[in-house]
Amino acid sequence: MSGLSDAQVQDAARRLHAAEQSRTPMRQLSGQYPGLTIADAYRVQDAWVSHKLAQGRRVIGHKIGLTSRAMQQAVNIDEPDYGTLLDDMVFSELQPIPSGRFIVPRVEVELAFILGRDLRGPNVTVMDVLDATRWVVPAAEIIDARIERVDRETGATRRVTDTISDNAANAGIVLGGRPVRPTDVDLRWVGALLFRNGVIEETGVAAGVLNHPAEGVAWLANRLSPHGVTLRAGETVLAGSFVRPVDASPGDIFHADYGPLGSVTLRFAR
């Protein structure tokens with residue numbers, strides 16, 4: 001059941017865009033609209049993405065978030081969330097990442113699925129995902145908050161509806177390491193060590209994502225099916241982080257070591 005009017009949805013999308021452009025987070029939508037539903041939040045997300053597309057951005061894929069059971073329990077939901085990846089979110093390992101582009105950036109590690117053919121639900125399975133995937137690539141995701149994590153006046157923490165509205169916190173993606181065919185390794189046991197400035201901050205294995213990272217991609221294909229959305233060949237799908245996010249500051253160097261699959265390095269400009 002959705003409660004926001006179309007005008008309220010468009011207003012929220014405009015304010016999100018303004019927050020991103022000004023690097024100043026906005027107040028929580030969940031505080032302004034106590035009855036904000038997950039359906040409302042996805043309407044806001046869609047409106048903001050549509051605004052970006054109208055300005056010349058291009059969809060390159062999708063991300064899945066809140067895939068671990070611990071994170072779902074922390075925000076009181078029982079399924080992941082998702083957002084849209086756009087072409088201006090892609091950064092190279094070879095160039096410093098402009099720190100001024102973000103508000104409060106954090107880094108996560110996950111696997112990126114590069115699709116070789118379309119995936120459309122319903123009834124997509126893990127085997128369907130593996131069959132449709134051309135490459136699996138080590139990735140680092142930069143997440144950000146255009147909505148305040150903690151309200152400046154009330155001290156309330158943001159809710160999942162705020163995060164969904166904020167395009168699931170999408171901000172950047174860096175691919176690296178060694179691409180592999182999806183059946184060449186046991187994806188459940190792909191592990192990563194996340195270093196910040198030479199210190200290990202987080203470790204994890206990909207089975208932390210719904211027991212298999214391809215489960216998230218299958219979930220997304222099925223979740224989008226009623227909306228007429230297909231995961232397209234050539235798109236990148238971030239399957240979900242298997243570590244907690246680590247704060248990033250100007251000058252920080254992150255190194256995600258995926259062992260046999262190589263590594264991904266991010267350098268934030270001072």
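Quantities reported herein were computed from a predicted structural model and do not represent experimental measurements.

## A look at the packing of aromatic side chains
Inference 1: All told, the structure shown has six aromatic pairs when counted by the stated rule.
Inference 2: Ring centres of tyrosine 42 and tyrosine 82 lie 4.3 Å apart, and the angle between their planes is 15 degrees; this geometry places the pair in the stacked category. Here tyrosine 82 lies in strand 2 (residues 81-86) and tyrosine 42 lies in helix 3 (residues 38-54), a separation of 40 residues in the sequence.
Inference 3: Judged by its relative accessible area of 7%, tyrosine 82 falls in the buried class.
Inference 4: Summarising the aromatic geometry, the rings of phenylalanine 102 and phenylalanine 268 are spaced 6.4 Å apart at their centres and angled 70 degrees between planes, so their arrangement reads as edge-to-face. Of this pair, phenylalanine 102 sits in the loop between strand 3 (90-91) and strand 4 (106-115) while phenylalanine 268 sits in the segment after strand 12 (263-267); the two residues are 166 residues apart in sequence, bridging distant segments of the chain.
Inference 5: Taken together, the aromatic side chains of Phe91, Phe102, Phe254 and Phe268 make up a single cluster linked through ring pairs.
Inference 6: Geometry around tryptophan 135 places arginine 181 over its ring, the cationic atom sitting 3.9 Å from the centre.

## Some details on the packing of helix 1 (residues 6-22) against helix 3
Inference 1: For the pair helix 1 and helix 3, interaxial distance at closest approach is 8 Å and the crossing angle is 60 degrees. On the basis of the axis angle, helix 1 is oblique to helix 3. Regarding helix 1 and helix 3, the two cross each other, and that crossing is right-handed. Here Asp6, Val9, Gln10, Ala12, Ala13, Leu16, His17 and Glu20 of helix 1 come into contact with helix 3, specifically with Arg43, Val44, Ala47, Trp48, His51 and Lys52.

## Let's talk about unusual backbone geometry
Inference 1: Along the chain, glycine 121 connects to proline 122 via a cis peptide bond; the corresponding omega equals 5 degrees.
Inference 2: A positive phi angle, close to 55 degrees, is found at asparagine 167, a residue other than glycine.
Inference 3: Mapped onto the secondary structure, asparagine 167 falls in the loop between helix 6 (160-165) and strand 6 (170-175).
Inference 4: The class of asparagine 167 is buried, set by a relative accessible area of 2%.
Inference 5: At asparagine 197, a residue that is not glycine, the phi angle is positive and equals roughly 55 degrees.
Inference 6: Residue placement: asparagine 197 occurs in the loop between strand 7 (191-196) and strand 8 (199-205).
Inference 7: Overall, the relative accessible area of 44% leaves asparagine 197 in the partly exposed class.

The rules behind the values
Residues numbered from 1 in each chain as written. Predicted model: local features only at pLDDT ≥ 70, side-chain atom pairs only at ≥ 80, totals over all residues. Heavy atoms only, no water. Phe/Tyr/Trp six-rings, centres within 6.5 Å; stacked < 30°, edge-to-face > 60°. Helix = DSSP H or I, 4+ residues; strand = E, 2+ residues; numbered from the N terminus. Buried < 20%, exposed > 50% of the residue type's maximum accessible area, 1.4 Å probe, protein only. Lys NZ or Arg CZ within 6 Å of the ring centre and 35° of its normal. Axes fitted to C-alpha atoms, helices over the stretch in contact; angles between N-to-C directions. Parallel < 35°, antiparallel > 145°, perpendicular 65-115°, else oblique. Left-handed = near helix turned anticlockwise from the far one by under 90°. Contact = heavy atoms within 4.5 Å.

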